[in-house]
Amino acid sequence: MDFQAYNKILICKDDIENVTVGGVTIGYQFKIKYPSYRGAFLSCIEALSFKVDGRDVPAGLVTFRLNGKDFLLSELPECFKEYWFVRTPAVIFVRQDGGIAPGEHTVNVYMRHRVPYTGYFGQYLTLDSDVTETRKAV
Amino acid sequence: MSDIKIGISLYSFSTEFIHEKLDFEGILKKAHDMGYQGVEIVAAQMVPEYPYPSDEWLAECKALLAKYELEPVCWSAYIDMGIRSDRDLTEEEIIQFTVNDLIYAKKAGFPMVRTQHAISPKIFRQMIPFCKELGVKLTIEMHHPHHPEVPVWKEYFEIMKGEGKGWLGFVPDFSIFQTMPHKLYLDQAVSFGCRPEKLAEIVELHRNHADYSVVEKGDFNDIEKHTAEEMFGKFSAPAKMEQWKDMIDCAFYMHGKFYYLDNDDHDPCIPFEEIIAEVKRLGYKGYIASEYEGHHFDETIDSEEQLRHFVALMNKNLNA
């Protein structure tokens, strides 16, 4: 099936980092890349959700950071002028008091995305990228 | 010797690019070191700040091509009809994207833009004056599942042979001739849950032009049925060699699509022997791009090794 090998780049190899503001740890972040051979308009992301250590991360606690801007997950379908270059990681910031414990964690990313040029006979190809990796928090 | 030259779509190095083993300049250097001259760039893949690249980057791109003695052949564009969640692109938006790509191509030194079928005959025709003004040709790629008998292509050929002659053309991608599933496709199908002996059975049914209903009613699991349905549709060779003669005058460029080669002699998926013999016989002069596409299926394959097999296969057929 086309595109499937690109899922290997979805979750970046970087560590999970705790985010501290003035000595207060307010959450953690990790990086993801767009799983294709080319970049995408953010509006082509139809669904994006995360699980950490098997537990759903509530969408309201997540910020998607790209191109020097912060986006709510609910804003992505409207971002038809925002392009995600295939080599540029987006930073996923999760608000969580005290951050995440150091050590290994499983991270699951699920993305449903539309390939915007594939409507050869009227139907766009929509892909499901569902990837789980183990990453270290520092 | 043939008048046909072998070029390269830099997209062939997708694996190395997206896994950050090679950057843009590294890919240009690799193409040069491998002996390639003509290159194609897929803008949405390799151009930073796409779809609004800076003049600085476009000038740098032109300078890098000169540095590595590479001839800019084709700037590849998309008609991303489905960008928006609420509707398809409007005519005005398609024109804007196309005008922009023609300008970027000009600035980076490319004489041709390759776009996609969704541009529509009306807008394709409307682009003629701007193409002439800039001196940049505009082509549409014919890619599987499209083929010469899809109704809109009749209109496109009329425009290319008529008022767009010399400025508007097409880029046949050899996927329109693909007849058999390739090794990477089959390996991937096994990794997704097809039993090897059942998959072999499906491949035989496909080879013998069986109807998909045979699989649907047979003793196969869901992933095997899904794979068979996709295989029967995808490797169905909708184009015929006889159709070349009616369209070759509109072919400004060609995509030598391939997925996997384990030798220098033969591709069981795409009939290069027949294709090259026919386009040579019809007097095609121009580039055929090496377009390796196995990266959709397996990121562990070495693109350079694949390209070396491809160039050897092409040279064998060009010199036959």
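Residues numbered from 1 in each chain as written. Chains lettered and ligands numbered in written order. Predicted model: local features only at pLDDT ≥ 70, side-chain atom pairs only at ≥ 80, totals over all residues.

Draft legend 1. Here's a closer look at the sheet that holds strand β1 (residues 4-9) of chain B. Residues and elements named next belong to chain B. Here eight strands make up an open sheet; going across it, the order is β6-β5-β4-β3-β2-β1-β8-β7 and the pairing parallel. What marks the edges here is a single partner per strand, and that holds for β6 (168-172) and β7 (254-258). Geometrically, the sheet is characterised by an average inter-axis angle of 30° between neighbouring strands, direction not taken into account. Here two bridges tie strand β3 (residues 71-76) to strand β4 (residues 112-115), and the two strands are oriented parallel to one another. In the sheet register, Ser76 faces β4, and the bridge partner there is Arg114. Sitting on the sheet, helix α5 (residues 91-108) is in contact with β3, β4 and β5 (137-142), with an inclination near 165° to β3. (Pairing = 2+ DSSP bridges. Helix = DSSP H or I, 4+ residues; strand = E, 2+ residues; numbered from the N terminus. Axes fitted to C-alpha atoms, helices over the stretch in contact; angles between N-to-C directions. Contact = placed C-beta atoms within 7 Å.)

Draft legend 2. Quick look at the environment of Val19 of chain A. Residue and element names in this part refer to chain A. Note on placement: Val19 falls in strand β1 (residues 17-21). Once the C-alpha coordinates of Val19 and Val94 are considered, the two residues, 75 residues apart in sequence, prove to be 9.1 Å apart. Contacts of Val19, omitting those with residues within four sequence positions, involve Thr25, Ile26, Gly27, Tyr28, Gln29, Phe93 and Gly99.

Draft legend 3. Molecular detail of the domain arrangement of chain B. Residues and elements named next belong to chain B. For chain B, the assigned domains are domain 1 (4-179 + 237-318) and domain 2 (183-231). The interface of domain 1 with domain 2 comprises five residues on the first partner and five residues on the second. When its residues are assigned to classes, the side of domain 1 that touches domain 2 shows three nonpolar, one polar and one charged. (Domains from an automatic or database assignment. Nonpolar A, V, L, I, M, F, W, Y, C, P; charged D, E, K, R; others polar.)

Draft legend 4. Up close: the interface of chain B and chain A. Each partner contributes residues to the interface: chain B has 30 residues there, and chain A has 26 residues. Elements supplying a minimum of two residues to the side of chain B that touches chain A: α1 (14-18) and α3 (43-46) of chain B. Looking at the side of chain B that touches chain A residue by residue, the class counts come to 14 nonpolar, ten polar and six charged.

Draft legend 5. Molecular detail of the environment of Tyr253 of chain B. All names here are of chain B. Relative to the elements of secondary structure, Tyr253 occurs in the loop between α13 (244-247) and β7. C-alpha of Tyr253 to C-alpha of Lys106: the two residues are 147 residues apart in sequence and 17 Å apart in space. Those residues within four positions of Tyr253 in sequence are excluded, and the remaining contacts are Val73, Cys74, Met112, Arg114, Thr139, Val171, Gly286 and Tyr287.

Draft legend 6. Highlighting the environment of Leu199 of chain B. Residue and element names in this part refer to chain B. By the secondary structure assignment, Leu199 is in helix α10 (residues 196-207). In this structure Leu199 comes out as buried when scored by C-beta crowding, with 21 C-beta atoms within 10 Å. It is 6.9 Å that separates the C-alpha atoms of Leu199 and Glu224, two residues lying 25 residues apart in sequence. (Buried ≥ 20, exposed ≤ 12 C-beta atoms within 10 Å, placed from the backbone.)

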